[in-house]
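# A look at the structure
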Amino acid sequence: MQKITPFLWFNDNAEEAANYYVDVFDNSKILNITRYNDDSAKASGQKSGNAMTVAFQLEGQTFTALNGGPHFRINPSISFFVYCESEIKIEKLYNLLMDGGIAMMPLDKYDWSPKYAWVQDKFGVSWQLDVEKINNSQKILPALLFANEKFDKVKEAAAFYTSVFPDSKILLEAPFDKSAGLPDDTLLFAQVKLSDYLFNAMSGSTMKHDFDFNEAFSFVVNCKDQEEVDYYWDKLISDGGSESQCAWLKDKFGVSWQIVPTRLIELLGDPDPVKSQKVMMAMFQMKKIIIEDLEKT
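Residues numbered from 1 in each chain as written. Predicted model: local features only at pLDDT ≥ 70, side-chain atom pairs only at ≥ 80, totals over all residues. Heavy atoms only, no water.

Right, let's get into the layout of surface pockets. Of the volumes computed, that of the largest pocket is approximately 1,400 Å³. Lining the largest pocket are 45 residues, and of these Phe7, Met52, Thr53, Leu66 and Leu268 sit closest to its centre. Grouping the constituent residues of the lining of the largest pocket by class yields 23 nonpolar, 20 polar and two charged. Taken as a whole, the second largest pocket spans an internal volume of roughly 670 Å³. Together, 22 residues line the second largest pocket, and Trp112, Tyr116, Gln128, Leu188 and Met202 are the ones closest to its centre. Residue assignment for the lining of the second largest pocket shows that the elements contributing at least two residues are strand E5 (78-83), strand E6 (102-110), strand E7 (113-120), strand E8 (126-130), strand E11 (187-194) and strand E12 (197-203). For the lining of the second largest pocket, the residue count by class is 14 nonpolar, five polar and three charged. (1 Å grid on protein atoms, 1.4 Å probe; cavity = no way out; pocket = protein on both sides within 12 Å on 5 of 7 lines; lining within 4 Å. Points joined across faces, edges and corners; volume = space filled by probe spheres on them. Nonpolar A, V, L, I, M, F, W, Y, C, P; charged D, E, K, R; others polar. Helix = DSSP H or I, 4+ residues; strand = E, 2+ residues; numbered from the N terminus.)

Attention now goes to the environment of serine 163. Its place among the elements puts serine 163 in helix H4 (residues 154-164). Residues serine 163 and lysine 235, spaced 72 residues apart in sequence, show a C-alpha to C-alpha distance of 9.1 Å. For serine 163, the side chain forms a polar contact with the main-chain oxygen of phenylalanine 160, separated by 2.6 Å. (Polar contact = N/O pair within 3.5 Å; in protein donor to acceptor, adjacent residues only side chain to side chain.)

Attention now goes to empty space enclosed by the protein. In this approach a probe as big as a water molecule rolls over the atoms, and the regions it shows empty are the leftover space. In the structure shown here, the tally under the stated rule is two cavities of 30 Å³ or more. Taken as a whole, the largest cavity holds about 60 Å³ of empty space. Residue lining of the largest cavity: Leu144, Ala157, Ala158, Tyr161, Val192, Leu194, Phe199, Asn200 and Ala201, and that is the complete set. Among the elements of the structure, H4, E11 and E12 are those that each provide at least two residues to the lining of the largest cavity. Per-class residue counts for the lining of the largest cavity are eight nonpolar, one polar and no charged. Computed from the structure, the second largest cavity encloses a volume of approximately 30 Å³.

Before going further, it helps to spend a moment on the packing of aromatic side chains. Applying the stated criterion across every chain, the model contains 33 aromatic pairs. Summarising the aromatic geometry, the rings of tryptophan 9 and tryptophan 248 are spaced 5.8 Å apart at their centres and angled 75° between planes, so their arrangement reads as edge-to-face. On the criterion of sequence distance, the pair formed by tryptophan 9 in strand E1 (residues 4-10) and tryptophan 248 in strand E15 (residues 248-250) is long-range, its members being 239 residues apart. Per residue, the accessibility class of tryptophan 9 equals that of tryptophan 248, and both read buried. Note that lysine 122 overlies the ring of tyrosine 20, its terminal NZ or CZ placed 4.5 Å from the centroid. (Phe/Tyr/Trp six-rings, centres within 6.5 Å; stacked < 30°, edge-to-face > 60°. Buried < 20%, exposed > 50% of the residue type's maximum accessible area, 1.4 Å probe, protein only. Lys NZ or Arg CZ within 6 Å of the ring centre and 35° of its normal.)

Everything listed here is a matter of coordinates, which is why it stays silent on function.
Here it is in structure tokens:
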């Protein structure tokens, strides 16, 4: 199982969005769809029968989309960086993602790449397309943009995340040019591996941005047992993070994570709908997930 899974919050079009992305990217498919029943729809404000979560693969990687309501909106603070590795592929993806989308940076040559684009698609998800190659099977990387007062936190964030996840390391650090007048260790860009899952981290520089990290884009950490749940929960809320509901938390940079034991997924998938519904209602009352308490429902 993929240790870390990107999780996208939509209002009522998660299934439409997932199907769209599966059509856009190669080696892609819908994996599983869970739907709201009468009780869960009432608790969440959704319509019974609507998709609750849609698990899907793009380029062989797993993602999840949620119909969670209008509370949070995806913004460019977290995007997907796609290493296209050929001009044919980058042009194809650019044209497909521009269908109803917006070119934040049109496909062109830039100082850092012979061909690059930043597109916000019709569902609000941002994609950075780069023609360059990456020496890894993972071709789509979440990219965290540290903006405004966090613009100089890339190095600190890379060190923090690699300290939390076992088998992790910083793969690349690119500092600001000396002409920026910033301390020598201030990073413009970094790439890290967290438990075999790659992330990019970028500085928004000193320019003002009207967005920041929020719950619309989070990362699920798949945990094998309560010990792992406790470990990641405590580590990620340390030094200024905060707890939320239903396995959610925010770390000290404002990035949202979901710490989810596999046992929760098993219980929610119980063939007895009464039991699975009781588990869901119990989960709604929790912050950190306590497996033993779920099993008692």
